[in-house]
Amino acid sequence: RIWSISADWESCWHKYREKSISSLNLEEMEASANTFTKSIAKLRRAIGTWPIWKNLRERVEQFKQLLPLVQDLRNEGLRERHLNALKKNIGRSFDFSSDSFSLNDVFSLGLQHHANTIAELSASASKELAMERSLDELEKCWSEMDVDIV
C-alpha cells in the first residue's frame, strides 16, 4: 500500500510543480496534501519505522509548508517594486509575470529559503493595495461631488 501511495504522491507532485503559479488551485493542493497525510498516518503502526514511510511523510509535510509561500507569491497586491526587492534580496533575476513561472522555478531560485521575506513583502503589498483601493474610492467620491464655494 505504501508503494502505491508513494507513486500517487509523485504523480500529484509532478502535476503541481509543472503548472504555472498563477494557475495553481491552492484549495485543491491543500486537500490533496491532507488526503495524503491521512493515508500515510493510517500506515504508521504497521510500517512507521520504514524509511519509505518516513520519507513520504516528510515530503508531504514539506509540500504543506510550501502552500503559504505560493499564496504569498500569488498575492494580487504584489507589484514590480515588491518583486524587485525580492530579486535584490535573493541576488537573482526571474520573470515572475511569465505564464510558465512554476513551482520548479520557485525551487530552482531557492525561494522556499526566503519564505519569511516573501511573506513580509506580501503583507506590505496587501496593505498598500488596501490603501490604493481606499484612495481610489475617495477620489471617485470626490469626483462625483459638486462643491459650491461661496
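One can find the structure itself at the top, above this paragraph.
Everything quoted here is computed from the prediction, not taken from an experiment. (Residues numbered from 1 in each chain as written. Predicted model: local features only at pLDDT ≥ 70, side-chain atom pairs only at ≥ 80, totals over all residues. Heavy atoms only, no water.)

**Concerning the nonpolar core**
For soluble globular proteins, the rule of thumb is that nonpolar side chains tend to be buried together. In this structure, Met29, Phe63, Phe101, Leu103, Val106 and Leu111 are the most contacted members of the largest nonpolar core, which totals 39 residues. Only helix H1 (2–18), helix H2 (26–42), helix H4 (51–73), helix H5 (80–90), helix H6 (103–109) and helix H7 (115–144) provide two or more residues apiece to this core. Beyond its immediate sequence surroundings of up to four residues, phenylalanine 63 is in contact with Trp9, Trp13, Tyr16, Met29 and Ala33. (Core = buried A, V, L, I, M, F, W, Y, C linked by side-chain atoms within 4.5 Å. Buried < 20%, exposed > 50% of the residue type's maximum accessible area, 1.4 Å probe, protein only. Helix = DSSP H or I, 4+ residues; strand = E, 2+ residues; numbered from the N terminus. Contact = heavy atoms within 4.5 Å.)

**Description of H4**
One turn of an α-helix holds 3.6 residues; hence residues three or four places apart share an orientation. With 23 residues, H4 should reach 33 Å at 1.5 Å per residue; the first-to-last C-alpha distance of 33 Å fits that figure. The largest bend along H4 reaches roughly 25° and is located at leucine 66, with the proline proline 68 sitting one to four residues downstream. Among all positions in H4, only Ile52, Trp53, Leu56, Val60, Phe63, Leu66, Leu67, Leu69, Val70, Asp72 and Leu73 are buried. Those residues of H4 that are buried lie in contact with H1, H2, helix H3 (44–47), H6 and H7. (Expected span 1.5 Å × (residues − 1). Bend = angle between axes of the 7 residues up to and from the residue.)

**A word on empty space enclosed by the protein**
Overall, the coordinates contain one cavity of 30 Å³ or more when judged by the stated rule. Volume-wise, the largest cavity comes out at about 30 Å³. Here the lining of the largest cavity gets three residues from one element, more than from any other, and that element is H5. A breakdown of the residues in the lining of the largest cavity according to their chemical character gives six nonpolar, one polar and no charged. (1 Å grid on protein atoms, 1.4 Å probe; cavity = no way out; pocket = protein on both sides within 12 Å on 5 of 7 lines; lining within 4 Å. Points joined across faces, edges and corners; volume = space filled by probe spheres on them. Nonpolar A, V, L, I, M, F, W, Y, C, P; charged D, E, K, R; others polar.)

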